[in-house]
Amino acid sequence: MPTTAEGRLHEQYEDHAQQRSAVEQGMWVFLGSEVMLFGAAILAFAIYRSLHQAAFAAASARLHESLGAINTALLLTSSLTMALCAHAARSGMRRRALTLLPVTAAFGIGFLVVKGLEYSLEIRDDLVPGHFPFLGPDTPQQELFFSFYWLLTGLHAVHVTIGIWVMAGLWFALRRRGPSPNAVEATALYWHLVDVIWIFLFPLLYLTGARR
Amino acid sequence: MKDATITTYFRVWLALLLLLGATVALAHLDLGKANAAVALLIAAAKAALVLAFFMELRRADVATRSTAAAGFLLLAVLVALTFTDYGTRP
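Now for a description of the structure that goes with this document. Computed from a predicted model, the values in this text were never measured in an experiment.

1. Quick notes on the overall build of chain B
Next up, step 1: Scanning chain B from terminus to terminus reveals three helices and zero strands.
Next up, step 2: For chain B, the α and β elements follow one another from N to C terminus as α-α-α.
Next up, step 3: Computed over its C-alpha atoms, the radius of gyration of chain B comes to 17 Å, more than 25% above the 12 Å expected for a compact globule of 90 residues.
Next up, step 4: Here chain B holds 90 residues, and 32% of them are scored as buried.
Next up, step 5: Looking at chain B alone, contacts between residues at least 24 apart form 57% of all its contacts between residues at least 6 apart.

Next up, the structure:
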């Protein structure tokens, strides 16, 4: 079997383009389910935000906007290195792909570290649904905001963690010259979607605050 | 269509960071009701850049593009119908 940049062509495919397209379509079916999962939760958040605008704005202002912005920059940059990694794998530059994959994972870990720091600050400040000590006319609604905040960011952090694990597995497989560039491509698609979800979570959760 | 070049990826990344800066800066200006709309529009622009360039939909074939569009289309239906309900309640 000749090893080409495009990897092994499985017998059910006419050519490499068709094989790559099948991988991308399969990934997008899965990503569609992810879009609906996060989409439904974000929609519920948007409905409650439209019903309790002042309370949600006041609650949002309690978040650390700068840490959220730093995390957005980290994820956007990780998407760049992931795209470069997939490009390198497609172009047969295996060594470069092997370097860029841990770089991407490192940005992902950086995201989780900042997120963890943020969570610890929020726990310290009692911004946790269940024992929300602030008294005021809109306390229950503010608490609802934090229920959504923990649900959405927590679910997203789980996805980032899974992405890092997949990258680790992919790195070892790549080192053994195992997978085709399509495996890198599929991982990249997943990682980019996790980035896209954060692109929406950041303004919705952090920038609706009454800072003006 | 050919894959994007490395320069393109860096340009897209730069655009994404500029849009991030813009959305944070605009959130601190009082635009009234437009604040939320501006934030969502910028988010949509960033998502479009990631989808088109990083996720290679710009050069993907029709079948892949349709599959990718299906999830977002269904979400759009869900959002439209839900807001039709809540927006028209007395």
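2. Observations regarding the overall build of chain A
Next up, step 1: The helix and strand tally for chain A stands at six helices and zero strands.
Next up, step 2: Its C-alpha atoms put chain A at 70 × 30 × 30 Å along the principal axes.
Next up, step 3: Counting contacts in chain A only where the partners sit at least 6 residues apart, residues at least 24 apart contribute 79% of the total.
Next up, step 4: Total accessible area on chain A is roughly 9000 Å²; 64% of this is exposed by carbon and sulfur atoms.

3. Digging into a nonpolar patch on the surface
Next up, step 1: A contiguous nonpolar patch, built from Tyr48 and Leu51 of chain A together with Tyr86 of chain B and spanning about 260 Å² of accessible area, is present on the exposed surface.
Next up, step 2: As for its placement among the helices and strands, Tyr48 of chain A is situated in helix H1 (residues 16-51).
Next up, step 3: Given a relative accessible area of 33%, Tyr48 of chain A falls into the partly exposed group.

4. Remarks on the nonpolar core
Next up, step 1: The biggest cluster of nonpolar side chains holds 76 residues, and the ones touching the most others in it are Trp28, Phe145 and Leu205 of chain A.
Next up, step 2: A per-element tally of this core places helix H6 (residues 181-206) of chain A first, with 17 residues.
Next up, step 3: Not counting residues up to four positions away in its chain, the partners in contact with Trp28 of chain A are Leu189 and Leu193 of chain A together with Leu51, Met55, Leu57, Thr64, Thr67, Ala68 and Phe72 of chain B.

5. Considerations on the packing of helix H1 (residues 6-27) of chain B against helix H2 (residues 34-54) of chain B
Residue and element names in this part refer to chain B.
Next up, step 1: Packing of H1 against H2 leaves a shortest axis separation of 10 Å and a crossing angle of 170 degrees. In terms of their interaxial angle, H1 and H2 are classed as roughly antiparallel. Facing Thr8, Tyr9, Val12, Trp13, Ala15, Leu16, Leu19, Leu20, Ala22, Thr23, Leu26 and Ala27 of H1, the residues of H2 in contact are Asn35, Val38, Ala39, Ile42, Ala45, Lys46, Leu49, Val50, Phe53 and Phe54.

6. A word on the interface of chain A and chain B
Next up, step 1: The partner chain B presents 46 residues to the 46 residues of chain A that form the contact.
Next up, step 2: Both sides together, the interface formed by chain A and chain B hides about 3900 Å², and carbon and sulfur atoms give 76% of it.
Next up, step 3: The interface formed by chain A and chain B includes two salt bridges.
Next up, step 4: With a closest N to O distance of 3.0 Å, Arg90 of chain A and Glu56 of chain B form a salt bridge.
Next up, step 5: Remark: the boundary between chain A and chain B carries eight residue pairs in polar contact (both at pLDDT 80 or more).
Next up, step 6: Elements supplying a minimum of two residues to the side of chain A that touches chain B: H1, helix H3 (65-90) and H6 of chain A.
Next up, step 7: With 18 residues, H1 of chain A is the largest single contributor of residues to the side of chain A that touches chain B.
Next up, step 8: When its residues are assigned to classes, the side of chain A that touches chain B shows 25 nonpolar, 11 polar and 10 charged.

7. What about the environment of Ala46 of chain A?
Residues and elements named next belong to chain A.
Next up, step 1: Here Ala46 shows up in helix H1.
Next up, step 2: By relative accessible area, Ala46 is classed as partly exposed at 22%.
Next up, step 3: When the C-alpha positions of Ala46 and Leu204 are compared, they lie 8.2 Å apart, and in sequence the two are 158 residues distant.

8. Focus: the packing of H1 of chain A against helix H5 (residues 139-175) of chain A
All names here are of chain A.
Next up, step 1: For the pair H1 and H5, the least separation of the axes is 10 Å and the interaxial angle reads 165 degrees. Overall, the two elements H1 and H5 adopt an arrangement that is roughly antiparallel. Note that H1 runs across H5; the crossing there is left-handed. The segment H1 lies against H5, with Glu34, Leu37, Phe38, Ala41, Ile42, Ala44, Phe45 and Tyr48 engaging Leu144, Phe145, Phe148, Leu151, Leu152, Leu155, His156 and His159.
Next up, step 2: Broken down by class, the residue content of the contact of H1 with H5 amounts to 13 nonpolar, two polar and one charged.

9. Description of the pattern of salt bridges
Next up, step 1: With the rule as written, the count across this model stands at nine salt bridges over all chains.
Next up, step 2: For Arg20 of chain A, the salt bridge is made with Glu24 of chain A, and the minimal N-O distance between the two is 3.4 Å. With Arg20 of chain A and Glu24 of chain A both in helix H1 and four residues apart, this pair spans about one turn of that helix. The same class applies to Arg20 of chain A as to Glu24 of chain A, namely buried.
Next up, step 3: Ionic pairing is found between Arg89 of chain B and Asp85 of chain B, a salt bridge with its closest N-O pair at 2.8 Å.

Each value, and the rule that gives it
- Residues numbered from 1 in each chain as written.
- Chains lettered and ligands numbered in written order.
- Predicted model: local features only at pLDDT ≥ 70, side-chain atom pairs only at ≥ 80, totals over all residues.
- Heavy atoms only, no water.
- Helix = DSSP H or I, 4+ residues; strand = E, 2+ residues; numbered from the N terminus.
- Rg over C-alpha atoms; globule rule 2.2 N^0.38 Å.
- Buried < 20%, exposed > 50% of the residue type's maximum accessible area, 1.4 Å probe, protein only.
- Contact = heavy atoms within 4.5 Å.
- Areas by Shrake-Rupley, 256 points an atom, 1.4 Å probe, with all protein chains shown as cover.
- Patch = residues over 30% accessible without salt bridge, like charges linked within 9 Å, V, L, I, M, F, W, Y side chains within 5 Å.
- Salt bridge = Lys/Arg side-chain N within 4 Å of Asp/Glu carboxyl O.
- Core = buried A, V, L, I, M, F, W, Y, C linked by side-chain atoms within 4.5 Å.
- Axes fitted to C-alpha atoms, helices over the stretch in contact; angles between N-to-C directions.
- Parallel < 35°, antiparallel > 145°, perpendicular 65-115°, else oblique.
- Buried area = accessible area lost by both parts, 1.4 Å probe.
- Polar contact = N/O pair within 3.5 Å; in protein donor to acceptor, adjacent residues only side chain to side chain.
- Nonpolar A, V, L, I, M, F, W, Y, C, P; charged D, E, K, R; others polar.
- Left-handed = near helix turned anticlockwise from the far one by under 90°.

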